[in-house]
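# Fold and contact review
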Amino acid sequence: MKIGIVGCAGRMGRMLVSEILATDGCELAGGTEAPGSDMIGRDVAELAGADAMGLKVGDDAEALFKASDAVIDFTVPAVTAGHAELAGAHGCALIVGTTGLEDAHMDALTKTAATVAVVQAANMSVGVNVLLGLTEQVAGVLGDDYDIEIVEMHHRHKVDAPSGTALALGTAAAGGRGVDLGAVSQRVRDGHTGPRTAGDIGFATLRGGDVAGDHTVVFAGDGERVELTHKAGDRSVFARGAVRAALWTKDQSPGLYSMRDVLGLA
């Protein structure tokens, strides 16, 4: 399968390139960066620490989609929405790990999914997707007697908060309780807040250093506490999951899928 990478010169992009080069059944189709980037013209493989392949970083995303069977996108929401249009126009599967997606961006992915396979996940890690299933299950078993708090920490450069994974965990917990996350989400506490509202799902955000991604779901009851935790040691876990998802789309019908579909957990 020919796989292209948009944003190939970033930290995540370079790991994706390395993973593609190391994975049987994958061929690196190329990579792009935003017009004006000083990475344009560099060898894509060399940027990832591999031997030069003669594939140069370009700025023509449409050409990349034409040349690829699947494209992996860990960029920013507005750019991802544009890439979704290109994927649909050129019959190319799209793997989306971009976080911070809003309704308009998801609408673009849904539209594209009518013609090609789209895999979208806030976190491509296999372990995190197991955690999502466990969170939903535990929330349903423990019920409202246990307060739910979701704590996440990422590197200092992350621009959105709470993380997409934290919000996905909140959605899973709310689903286990049979409620809508929007109605019970508590994302900010400051000053004299009063006692905790029963049934709320709280979020705490930490930023610092080079943390790839730590997430803990806390179920705090009277006299005991249950905690479910996942810690990513480096971004390679996300790259492995994304490449696995790309290969999975080869035999799939058009549709909007999650990593839980890819892993057979849905």
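In short, a report on the structure. The structure presented is a predicted model; accordingly, all values stated were derived computationally and were not measured.

Reading the values: rules and limits
- Residues numbered from 1 in each chain as written.
- Predicted model: local features only at pLDDT ≥ 70, side-chain atom pairs only at ≥ 80, totals over all residues.
- Heavy atoms only, no water.
- Helix = DSSP H or I, 4+ residues; strand = E, 2+ residues; numbered from the N terminus.
- Rg over C-alpha atoms; globule rule 2.2 N^0.38 Å.
- Buried < 20%, exposed > 50% of the residue type's maximum accessible area, 1.4 Å probe, protein only.
- Contact = heavy atoms within 4.5 Å.
- Areas by Shrake-Rupley, 256 points an atom, 1.4 Å probe, with all protein chains shown as cover.
- Lys, Arg positive; Asp, Glu negative; His and termini not counted.
- Charge placed at Lys NZ, Arg CZ, Asp CG, Glu CD.
- Pairing = 2+ DSSP bridges.
- Axes fitted to C-alpha atoms, helices over the stretch in contact; angles between N-to-C directions.
- Left-handed = near helix turned anticlockwise from the far one by under 90°.
- Nonpolar A, V, L, I, M, F, W, Y, C, P; charged D, E, K, R; others polar.
- Phe/Tyr/Trp six-rings, centres within 6.5 Å; stacked < 30°, edge-to-face > 60°.
- Salt bridge = Lys/Arg side-chain N within 4 Å of Asp/Glu carboxyl O.

## What to know about the overall build of the protein chain
Summing up its helical and strand segments, the protein chain has 10 helices and 11 strands in all. Taking 2.2 N^0.38 as the reference for a compact globule, 266 residues should give roughly 18 Å; the C-alpha atoms of the protein chain span a radius of gyration of 19 Å, in line with that estimate. Its C-alpha atoms put the protein chain at 60 × 40 × 30 Å along the principal axes. Counting across all 266 residues of the protein chain, residues that qualify as buried make up 48%. Within the protein chain, contacts between residues at least 6 apart in sequence are counted, and of these 69% link residues at least 24 apart. Taken as a whole, the protein chain presents about 12,500 Å² of accessible surface, with 49% of it coming from carbon and sulfur. If you average the places of the 21 positive and of the 35 negative side-chain charges in the protein chain, the two averages end up 3 Å apart.

## Observations regarding the sheet that holds strand E2 (residues 27–32)
The six strands lie next to each other as E2-E1-E3-E4-E5-E11, forming an open sheet whose pairing is parallel. Two strands bound the open sheet, and with one partner strand each, they are E2 and strand E11 (255–257). Looking at each pair of strands side by side, their axes are set apart by 20 degrees on average, direction ignored. Strands in contact with helix H1 (residues 11–22) are strand E1 (2–6), E2 and strand E3 (70–73); relative to E1, the strand with the most contacts, it is inclined by about 170 degrees. Contacts from helix H9 (residues 236–248) reach E1, E3, strand E4 (93–96), strand E5 (117–120) and E11, with the element oriented near 155 degrees to E3.

## Some points on the pairing of strand E10 (residues 224–232)
By the bridge criterion, nine bridges tie strand E9 (residues 213–221) to E10 in an arrangement that is antiparallel. Of the residues in E10, the one forming a bridge with Asp-214 is Lys-231. The antiparallel hairpin formed by E9 and E10 contains two residues in its connecting segment, where Gly-223 sits at a positive phi of about 85 degrees.

## A word on the sheet that holds strand E8 (residues 201–207)
The mixed open sheet is built from five strands, whose spatial order is E7-E8-E6-E9-E10. Lying at the two open borders of the sheet, with one neighbouring strand each, are strand E7 (185–186) and E10. Both strand E6 (residues 147–154) and E8 contribute to a ladder of seven bridges, which runs parallel. Its bridge partner being in E8, Glu-149 is matched across the sheet by Gly-202. Across the face of the sheet, helix H7 (residues 164–177) comes into contact with E6, E8 and E9 while running at roughly 165 degrees to E6.

## Considering the packing of helix H6 (residues 126–142) against H7
Two numbers describe a pair of packed helices, the interaxial angle and the distance between the axes. Following both chains from N to C, one finds H6 and H7 inclined at 30 degrees, their axes separated by 7 Å at the closest point. Both H6 and H7 take part in a crossing whose hand is right-handed. On H7, the residues that touch Val-128, Leu-131, Leu-132, Thr-135, Glu-136, Ala-139 and Gly-140 of H6 are Thr-165, Ala-168, Leu-169, Ala-172, Ala-173, Gly-175, Gly-176 and Arg-177. Tallied by class, the residues present in the contact of H6 with H7 amount to eight nonpolar, five polar and two charged.

## Points about the packing of aromatic side chains
For the structure shown, the criterion picks out one aromatic pair. An angle of 85 degrees between the planes, with centres 4.9 Å apart, marks the rings of Trp-248 and Tyr-257 as edge-to-face.

## Brief notes about the pattern of salt bridges
On inspection of all chains with the given rule, the structure shows eight salt bridges. For Arg-260, the salt bridge goes to Glu-136, with nearest N and O atoms at 3.7 Å. A residue pair is termed long-range when its members are at least 10 positions apart, and Arg-260 in helix H10 (residues 259–262) and Glu-136 in helix H6 qualify at 124 residues. The exposure class of Arg-260 is partly exposed, given its relative accessible area of 23%. Arg-196 is the partner of Glu-149 in a salt bridge, and the nearest nitrogen-oxygen pair spans 2.6 Å. Here Glu-149 is found in strand E6, whereas its partner Arg-196 is found in the loop between E7 and E8, with 47 residues between them in sequence. Several salt bridges converge on common partners, so that one network encompasses Asp-147, Glu-149, Arg-189 and Arg-196.

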